[in-house]
Amino acid sequence: MNDAEISCICCSGKPRYRGSKHGHKLYSCPDCQLLFVHPLPDFSLQIYTDDYFAGAKEGFGYTDYDADKEPMKDTFLVYLKRISHYHRLPGKRLFDVGAATGFFLNLARAEGFDVAGVEPADYAAGIARGKGLDVKTGILEQGLLSPESFDVITMWDVIEHVPDPRATMSQVYEALRPGGILAINTPNSSSLYARVMGLRWHLVVPPEHLFLFGEPSLRELLKDKGFEWLESGAIGKSFTTQYVFSTLFHWLGIKWMTWFLNFLTRSGIGQWRMPINLRDNITVFARKR
Ligand SMILES: [Zn+2]
């Protein structure tokens, strides 16, 4: 397919070539701000091996997923509060796509939800199962969910990774009961920070991130799939200093700072929280009509 034949998966707009990064070509849609990799690399779940969750080889993934998620607790509790606010169904079955080590599901279970999830990395899914959580190793696209089987489906930092977001959203829609709630968090390509930074935005990381949505692109996609848009916002996250510095060094291409990261780990400073809100992520709550 040559460039003239590419069309936006959200709004059918005419994308423009933006340049390449990490050997992948990137395009953006002038109408809805979708920023995406084209052509798609051979999709490989190999990215999400043990290293993704512990070790973060070459800057991919997380340094120590559970430890890095601890500062996210307050954010996850805010998400659950918003879900409960919109939730009108009698059931409380919640499914988390990309459940990782089950940190969020554990909180949701404590809040009274009947929880389950799926996670591609067997290592992380194993940790979740060790917490007594029903988390399968695999991906949603393997046809895991029965139609109309869940009241709430959550996707935290997932949709930017999937190779066919339209197909994924169709599966999510099918699996929700009518009136069910979808909650998504993802990088926001229409945010001021993302637009100023362009391809230097630290969340433009192909092949890990394949589709970066803006608010207009998410609105188009969700409307097209039959969802009612309820609310969106940029809910602030806190990160560990360890995570912030390793991301920063990777972004700057500084390889020799390993000793500094080791110092952060040894001293315990690495687990300090840094509240960061560049407002470059978007959280959306939507309802299946
Ligand atoms: Zn578009």
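Higher on the page you've got the structure.
Each residue is numbered by its place in its chain's sequence as written, counting from 1. Per-residue local features are limited, in this predicted model, to residues with pLDDT of at least 70; the limit for side-chain atom pairs, both in listing and counting, is 80 or more; totals at the level of whole chains, interfaces and linings are taken over all residues. Hydrogen atoms and water are omitted, and side-chain values are computed over all heavy atoms in the structure.

(A) Looking closely at the environment of Pro90. Along the polypeptide, Pro90 turns up in the loop between α3 (73-86) and β4 (93-97). Buried residues are those whose accessible area, probed at 1.4 Å on protein chains only, stays under 20% of the maximum for their type, while exposed residues exceed 50% and partly exposed ones sit between those limits. You can call Pro90 exposed: its relative accessible area is 84%. Each helix corresponds to a stretch of at least 4 residues labelled H or I by DSSP, and each strand to a stretch of at least 2 residues labelled E; elements are numbered beginning at the N terminus.

(B) Here's a closer look at helix α10 (residues 258-267). Along α10, the residues that are buried comprise Phe260, Leu261 and Leu264. Buried residues along α10 cover an arc of 100 degrees about the axis, so they all sit on one side. Away from its buried face by more than 90 degrees, α10 exposes Trp259 and Arg266. Of the residues one or two after α10, Gly268 is the one with positive phi, at around 85 degrees. Arc, as used here, means the arc of the directions from the helix axis to the C-beta atoms.

(C) Main features of the layout of surface pockets. Estimates place the volume of the second largest pocket at around 190 Å³. Only protein atoms enter the 1 Å grid used here, on which a cavity is any set of points holding a 1.4 Å probe that cannot leave and a pocket is any open set flanked by protein within 12 Å on both sides along at least five of seven lines; residues with an atom within 4 Å of a point are listed as lining. As for the second largest pocket, its lining consists of Arg16, Arg18, Ser28, Cys29, Pro30, Gln33, Leu35, Ser189, Ala194, Arg195, Gly198 and Trp201. Of all the secondary structure elements, the ones that give two or more residues to the lining of the second largest pocket are β1 (16-21) and α7 (192-197). Side-chain classes are defined by residue name, with Ala, Val, Leu, Ile, Met, Phe, Trp, Tyr, Cys and Pro counting as nonpolar, Asp, Glu, Lys and Arg as charged, and the others, Gly among them, as polar. A per-class count over the lining of the second largest pocket returns five nonpolar, four polar and three charged. Grid points are joined across faces, edges and corners, and a volume is the space filled by probe spheres set on the points.

(D) Structural view of the packing of helix α6 (residues 165-175) against helix α8 (residues 215-225). Note on geometry: axes are C-alpha line fits, over the in-contact stretch for helices, and angles between N-to-C directions span 0 to 180 degrees. Following both chains from N to C, one finds α6 and α8 inclined at 50 degrees, their axes separated by 10 Å at the closest point. Taken as axis vectors, α6 and α8 run oblique relative to one another. Seen from above, α6 lies across α8 with right-handed handedness. Across from Arg166, Met169, Ser170 and Tyr173 in α6, the residues of α8 making contact are Leu221, Leu222, Asp224 and Lys225. Its residues assigned to classes, the contact of α6 with α8 shows four nonpolar, one polar and three charged. Angles are sorted into four bins: roughly parallel if under 35 degrees, roughly antiparallel if over 145, roughly perpendicular if 65 to 115, and oblique for all others. When the near helix sits turned anticlockwise from the far one by under a right angle, the crossing is termed left-handed; a clockwise turn instead gives a right-handed crossing. Should any heavy atoms of two residues lie within 4.5 Å, those residues are considered in contact.

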